[in-house]
Amino acid sequence: MAISDLPLPAEVGSQSFKDAAHMAQALAERVARALDDAVSQQGGASLVVSGGRSPIAFFEALSTCELDWSRVQVSLADERWVDVSDPDSNEGLLRRHLLQNAAAEAQLIGLSQPAESLDQAAHQAGQKLSSLRQPIDVLVLGMGSDGHTASLFPASPMLEQALDPDGTERCLPMLAPSKPQQRITMTYPLLVSARTQILSIQGSEKLETLQQALSLEPMQMPIRAFLHSPLEIYWCP
Ligand SMILES: O=C(O)[C@H](O)[C@@H](O)[C@H](O)[C@H](O)COP(=O)(O)O
């Protein structure tokens, strides 16, 4: 099965690539073009990316793309509530793989900071994001095989509030079923306001997840809430 076999809504774009390396390079070039256009047209740009394992090749490729990175803000769709030095930290992942080479000049707006509680950490992250250019210019999402995206996890206690299109919070605390389970996530209204939205996924299992999501509600599979214009899906086997 390939992405073109899925009954996606007509307004959702999709591209297949022969392998992860080709997809990472194509995604980096697509994101770099969109950021460069935003800097040219509005004097600055905001990029929000996801963590996890698969974006590393994309981060490495994007870090070498030439553009005025000093005018680009980079933030995270979600964060694990751990120290930045922790191997599970998404900010640590970004610092190691994206904020190098040309992209070392980018302005990082991380979500993680020490706090008394996860709720307080999420509130503080939301306050930090008041300096993020909004609407977000470029959003890159991943997806878990359970249909989560960012840290919008099925069955998480605050998922309904996080998915509320009329919600006013920028960030909310979330609980992931896997360890480390304490997360901070950007909320749906903030994420879905992005001008350019790309979902980057790999493998047949994630195609099956997408196929399931098409017949489910966002509360069952949060990725469902993003399957409409202007989403573009990048997929490789
Ligand atoms: O913090 C995280 O883990 C990510 O933000 C998360 O939403 C990720 O995008 C998916 O879990 C997919 O991860 P992979 O792309 O590594 O499978």
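Quick look at the structure, then. The model shown is predicted, which means the values in this text are computed figures rather than measured ones. (Residues numbered from 1 in each chain as written. Predicted model: local features only at pLDDT ≥ 70, side-chain atom pairs only at ≥ 80, totals over all residues. Heavy atoms only, no water.)

Quick notes on helix α3 (residues 90-97)
Part 1 of the argument: Of all eight residues making up α3, six are buried, and the element is well covered by its neighbours.
Part 2 of the argument: Among all positions of α3, only Asn90, Glu91, Gly92, Leu93, Leu94 and His97 are buried. (Buried < 20%, exposed > 50% of the residue type's maximum accessible area, 1.4 Å probe, protein only. Helix = DSSP H or I, 4+ residues; strand = E, 2+ residues; numbered from the N terminus.)

Focus on the site of the ligand
Part 1 of the argument: The full set close to the ligand counts 15 residues, and Arg53, Ser54, Asp78, Ala150 and Lys206 are the nearest of them.
Part 2 of the argument: One nitrogen or oxygen atom from the main chain of Arg53 is found 2.6 Å from an oxygen atom belonging to the ligand.
Part 3 of the argument: Residue His148 places a side-chain N or O atom 2.8 Å away from an oxygen atom belonging to the ligand.
Part 4 of the argument: Taken by itself the ligand offers 420 Å² of open surface, and the protein chains cover 92% of this.
Part 5 of the argument: Here the residues of the shell around the ligand are counted per class, giving two nonpolar, eight polar and five charged. (Near = heavy atom within 4 Å. Polar contact = N/O pair within 3.5 Å; in protein donor to acceptor, adjacent residues only side chain to side chain. Areas by Shrake-Rupley, 256 points an atom, 1.4 Å probe, with all protein chains shown as cover. Nonpolar A, V, L, I, M, F, W, Y, C, P; charged D, E, K, R; others polar.)

What to know about the side chain of Ser75
Part 1 of the argument: With respect to the helices and strands, the residue Ser75 is situated in strand β3 (residues 72-76).
Part 2 of the argument: Of the polar contacts made by the side chain of Ser75, one reaches the backbone oxygen of Ile109; its length is 2.7 Å.
Part 3 of the argument: Among all residues touching Ser75, those that are not within four sequence positions of it are Leu47, Val48, Val49, Ile109, Leu111, Leu129, Leu132 and Met186. (Contact = heavy atoms within 4.5 Å.)

Some thoughts on the nonpolar core
Part 1 of the argument: Residues Val31, Leu47, Phe58, Leu62, Trp69, Leu210 and Ile233 are the most contacted members of the largest nonpolar core, which totals 82 residues.
Part 2 of the argument: When residues in this core are grouped by element, the largest group, 10 residues, is from helix α1 (residues 20-42).
Part 3 of the argument: In this structure, Leu47 is in contact with Val31, Leu35, Leu62, Gln73, Val74, Ser75, Leu98, Val138 and Val140, ignoring residues within four places of it in sequence. (Core = buried A, V, L, I, M, F, W, Y, C linked by side-chain atoms within 4.5 Å.)

Here we look at the pairing of strand β10 (residues 231-236)
Part 1 of the argument: For β10, a buried count of six out of six residues is recorded, marking the element as mostly surrounded by other parts of the structure.
Part 2 of the argument: Of the two faces of β10, the one lined by Leu231, Ile233 and Trp235 and the one lined by Glu232, Tyr234 and Cys236 are each fully buried.
Part 3 of the argument: Sheet topology note: the strand β1 (residues 13-16)/β10 ladder contains four bridges and is parallel. Bridging from a neighbouring strand, Gly13 pairs with Glu232 of β10.
Part 4 of the argument: By the bridge criterion, six bridges tie strand β9 (residues 196-202) to β10 in an arrangement that is parallel. Across the sheet, residue Gln202 finds its bridge partner in β10, namely Cys236.
Part 5 of the argument: After leaving β9, the chain enters helix α7 (residues 204-213) and then returns to the sheet as β10, a path that is right-handed. (Pairing = 2+ DSSP bridges. Right-handed = clockwise from strand over helix to strand, strands pointing away.)

Considerations on the side chain of Gln113
Part 1 of the argument: Note that Gln113 resides in the loop between β5 (107-109) and α4 (118-128).
Part 2 of the argument: Judged by relative accessible area, Gln113 falls into the buried class, the value being 14%.
Part 3 of the argument: Among the polar contacts made by the side chain of Gln113, one reaches the main-chain carbonyl oxygen of Leu111 at a distance of 3.2 Å.
Part 4 of the argument: For Gln113, the contacting residues outside a window of four places in its chain are Trp81, Ala121, Gln124, Ala125 and Lys128.

Brief notes about the packing of α1 against helix α2 (residues 56-63)
Part 1 of the argument: Packing of α1 against α2 brings their axes to within 8 Å, and their N-to-C directions diverge by 50°. By the angle between their axes, α1 is oblique relative to α2. Crossing angle aside, the handedness with which α1 passes α2 is right-handed. Residues Ala24, Gln25, Leu27, Ala28, Val31 and Ala32 of α1 pack against Ala57, Phe58, Ala61 and Leu62 of α2. (Axes fitted to C-alpha atoms, helices over the stretch in contact; angles between N-to-C directions. Parallel < 35°, antiparallel > 145°, perpendicular 65-115°, else oblique. Left-handed = near helix turned anticlockwise from the far one by under 90°.)

Quick look at the environment of His22
Part 1 of the argument: Relative to the helices and strands, His22 is located in helix α1.
Part 2 of the argument: A relative accessible area of 40% means that His22 is categorised as partly exposed.
Part 3 of the argument: Along the sequence, His22 and Ala57 sit 35 residues apart, while their C-alpha atoms lie 9.7 Å from each other.
Part 4 of the argument: In this structure the side chain of His22 is engaged in a polar contact, spanning 2.7 Å, whose partner is the side chain of Asp19.

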